[in-house]
Amino acid sequence: MDRSINFRGIAGSAGNIMQGMGKFVFGNEGLESKEDSYVERYLDRISNGTIPDDRRSAMIELQSLVAERRSAQMSFGAMGFPILLNVLKEDREDVELVRGALETFVSALTPIETSQGLKTEVQPASVNSDLLSREMENISLLLSLLSEEDFYVRYYTIQLLTALLTNSLKRLQEAILLIPRGITVLMDMLMDREVIRNEALLLLTYLTRDAEEIQKIVVFEGVFEKIFSIIREEGYSDGGVVVQDCLELLNNLIRHSSSNQMLLKETIGFDPLISVLKIRRGSAFNFTQQKTVNLLGALNTVELLLTGGPSGESGKDANKNANQAALAQKNILDHLLLLGVESQWAPVALRCMALRCIGNLVLRNPQNLDSLAKKQVGEEPHVQPALNAILSIILRTSIAQEFVAADYVFKCFCEKNPNGQALLASTIAPHPNQGDMHGAADDMPFGSLLLQALVSSDVNGDMEACCRASSVLSHIIKDNLQSKDRVLQIQLETPTPSLGRTEPLLHRIVTCLSIAASDGENDQSSQPEESYIQPVILRLLIVWLVDCSNAVNCLLESAVHLNYIIELASSKRYTACVRGLAAVVLGACILYNASREKGRDAFAVADAISQKIGLTTYFLRFDELRKSLAHPSSEQQLRKELSRSSANSMSDFQEIEEDETNKDDQHPVLSEIFDSQFVNFLSKLEVDIRENIMDIFSRTKTATAVLPAELEQKNGEVDGEYIKRLKSFVEKQCNEMQELLARNAMLAEELVRTGGGNTADTSQKPSSGRDRVQIEALRQELEGAKRQIEALKTEKSQIEAEANNQRHLAVKVESDLKSLSDAYNSLEQANYRLDAEVKTLRQGGSVPYPDVEAIKAQAKEEAEKDSEAELNDLLVCLGQEQSKVEKLSARLAELGEDVDTLLQGIGDDTAIPDDDDEDEDEDDE
């Protein structure tokens, strides 16, 4: 018979396959196992048997063995696939035998867990799935069985296809796409009996994952109507796991497709989705685990609709706005507020996701923003504004993730909403019952409740509430100068009101920051990396100071504040995140500082950073901050697919929170609040801070040194006073240039050590770092030499002007000394007039006068001697400096620098001290 011939061929070649796989998976012991011989015996009876009942009996025994033994699974995969596939092709009339073959295939593809097995072992079920899915003909055969009349044949076929999908998803997706009407056959199963329908639903859920082409075909076949028809039959959110599978399939179809979202909205609308979210007020203890999972799936659908589609897809924003408007028309905000705000007896995961949906619903949507601002929650007589209720959740919840979700609502409410920010900021004022923390907080205005939490650390040391209120305040004032100035004007009583003094709210925030730091140091049991209080308060300071010079001036009113922020940035007792954020605060105090008051201007802050932290350490703080905030996007974490495998953990929120805390040293709250938007904001701010500090260290403190009015003699000014003033002016110029040179040298040295703030570059390219040091040193030396040359020319010119009153400057390069020469001529003429007046007075008066001519002659003689010697020395120095300049110019040319460009504009100011003085200063430094 043909069967006998086929089996002998299979048995002849299957030995080698089974031997190789057996060695790979089970070792040599599996080759002689009894299961192998049993499998071979059963297959022989099925292939060569002539009695139908005997073949069916062998099939039953084979299925039982394969379902219980892993070695039998491997042996069956090596020998039995062709035989049972032949049964499915040739013996369709024997329904019971076909059922047994399909059930045996399902058993062979179902993993068997053993306590002794290693995790690294290859699962026979996975190997069998790979073998069966290699041939598209096998998949086509299985799909054809779905048209059989027998219920169990269709049921086992659906189960077999689902088992194949779990192990060979991509291959099966490709095969079904190539088979004519493959998807259509599966869609027809949704109209079958309930058991098959449920299995087909699960199969389509697997099949549509990340498969755009299959999704299009499924949507074209009218899957949306069928999904919500099943959900309605199952009882919406009160249904079982079938509702969960329907929602998972729905989410697969709309997750990465704006067109599918539009089709859903235009075909059946959002009414069926709203029906899933409906719950009864006061239905406490009615949230079973399955109902929670179903509601989470529906909220996940809402969240996907409110995002509008994948990032970068054309038309995403328009689709998002349309979905926001359509959902708002269905009064979804009421259902979300009931789930997230009013139902405090609902599971935490449900409340958090509902809050996030509220934020996405109002994000940059004026109509929805207005609706939320006016919305009231609660039942009479306990009714309060929705924003007040959400703020109360932020301040009172003991679950960090619920605080993050409620905070996200305010973030979305305030983003690009200046009117809403101004409205909230206008309510921030002390309340008459501010000190009563246990009073009727529900009756307080929004701003008073927020302010009460901000100063709560003074009353009962509640730093948690102060931190959370700081996060809300940062949203209210972000990118809104009007709100920043308004909040800046709030005055609070000092902790000792008997003194009768007040202090700005900004000062109180810094005080709260210091209290949080001291509490962290005193509490040795707490791990500093798990605290988010200080980073959140520092974020408020950063947001407040940016683009607000008044806030910077207010912060720097007290030197204690600056010193404390410097301590946060420099001390290793604090985390890298705290140190980095403190460095950003200091940078904002420089970047947005408009004060000209000594000790509070940008120069003073930069000097304090340079002296107490050091530029190298300061710039490294930015790198540490960047590394500490490098975490996966929170949006990706929030949009995890809700499947059967993750349903239980999603419904139990405490488990997720614990896992997230353990997987990273950083507190999960920071990963959520310091999102990619804020990290990008810090990166841009860092660039501006670096450029501003470079600019500060490359110019003088004041601009008076370049005013020409200082070089002119005032009306009625005595020559001696004028000369003293000029000398004082020159000394001031020299001091400032010395300070500038010292700053530049220090800045160049420290910046090169850090590679411009990037330590990785210096380790990878040490030669480029040395080149930068050398170039900077040569540049500084060249600038000093140039200034010394100009100083020598000035002195030489003054001596020549005194000896020759009528000589004018003819050389064009010395045109900058013309003003000094003219001033000297004016002084000489005034001296002649004074001599004439003195002679007249001596002739006409009786008062004895000193012999001016003799004194003048003696002074002139001594001056000429000194000038002659000094001129010779200066000429020698001039020659030496000219030689230095030529050598430096040659060296710079070798390094590829444009010497003329570097020398352009150097030395146009006044002179600096001689070489010996400058060398002594550099040695002192």
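Going by the structure above, here's the rest.
Residues numbered from 1 in each chain as written. Predicted model: local features only at pLDDT ≥ 70, side-chain atom pairs only at ≥ 80, totals over all residues. Heavy atoms only, no water.

(A) Highlighting the overall build of the protein. Counting its regular elements, the protein contains 48 helices and four strands. Taking all 925 residues of the protein together, the buried fraction comes to 50%. Counting contacts in the protein only where the partners sit at least 6 residues apart, residues at least 24 apart contribute 72% of the total. With an accessible surface of roughly 44800 Å², the protein has 49% of that area assigned to carbon and sulfur atoms. (Helix = DSSP H or I, 4+ residues; strand = E, 2+ residues; numbered from the N terminus. Buried < 20%, exposed > 50% of the residue type's maximum accessible area, 1.4 Å probe, protein only. Contact = heavy atoms within 4.5 Å. Areas by Shrake-Rupley, 256 points an atom, 1.4 Å probe, with all protein chains shown as cover.)

(B) Region of the structure containing the nonpolar core. In this structure, Phe76, Leu88, Leu450, Leu473, Leu505, Trp544 and Tyr618 are the most contacted members of the largest nonpolar core, which totals 232 residues. For Trp544, the residues in contact, after removing those within four places along its chain, are Leu473, Ile477, Lys484, Val487, Leu488, Leu505, Leu506, Ile509 and Ala551. Judged by nonpolar contacts, the second largest core, of seven residues, contains Leu782, Leu892, Val899 and Leu902. (Core = buried A, V, L, I, M, F, W, Y, C linked by side-chain atoms within 4.5 Å.)

(C) Structural view of a negative patch on the surface. Among the surface-exposed residues, Glu862, Asp866, Glu870 and Asp873 lie close enough to one another that they form a single negatively charged patch. Here Glu862 is to be found in helix α46 (residues 852-894). (Patch = residues over 30% accessible without salt bridge, like charges linked within 9 Å, V, L, I, M, F, W, Y side chains within 5 Å. Salt bridge = Lys/Arg side-chain N within 4 Å of Asp/Glu carboxyl O. Lys, Arg positive; Asp, Glu negative; His and termini not counted. Charge placed at Lys NZ, Arg CZ, Asp CG, Glu CD.)

(D) Broad picture of the packing of aromatic side chains. Per the stated rule, a full pass over the model turns up 15 aromatic pairs. Centre to centre, the rings of Phe403 and Tyr532 are 6.0 Å apart; their planes meet at 20°, and the pair counts as stacked. Of the two residues, Phe403 is situated in helix α24 (residues 400-414) and Tyr532 in the loop between α30 (505-522) and α31 (533-545); the sequence distance between them amounts to 129 residues. Using a relative accessible area of 0% as the deciding quantity, one classes Phe403 as buried. Taking the relative accessible area as the measure of exposure, Tyr532 reaches 5% and is therefore buried. What links up through ring pairs into an aromatic cluster is the set Phe151, Tyr152, Tyr155 and Tyr156. Its guanidinium or amino end placed over the ring of Phe287, Lys291 lies 5.4 Å from that ring's centre, counting from NZ or CZ. Positioned above the aromatic ring of Phe678, the side-chain terminus of Arg539 is 6.0 Å from the ring centre. (Phe/Tyr/Trp six-rings, centres within 6.5 Å; stacked < 30°, edge-to-face > 60°. Lys NZ or Arg CZ within 6 Å of the ring centre and 35° of its normal.)

(E) Quick peek at the environment of Val195. Within the fold, Val195 resides in helix α12 (residues 194-207). You can call Val195 partly exposed: its relative accessible area is 42%. C-alpha of Val195 to C-alpha of Tyr155: the two residues are 40 residues apart in sequence and 7.7 Å apart in space. Once residues lying within four places of it in the same chain are set aside, the contact partners of Val195 are Phe151 and Tyr155.

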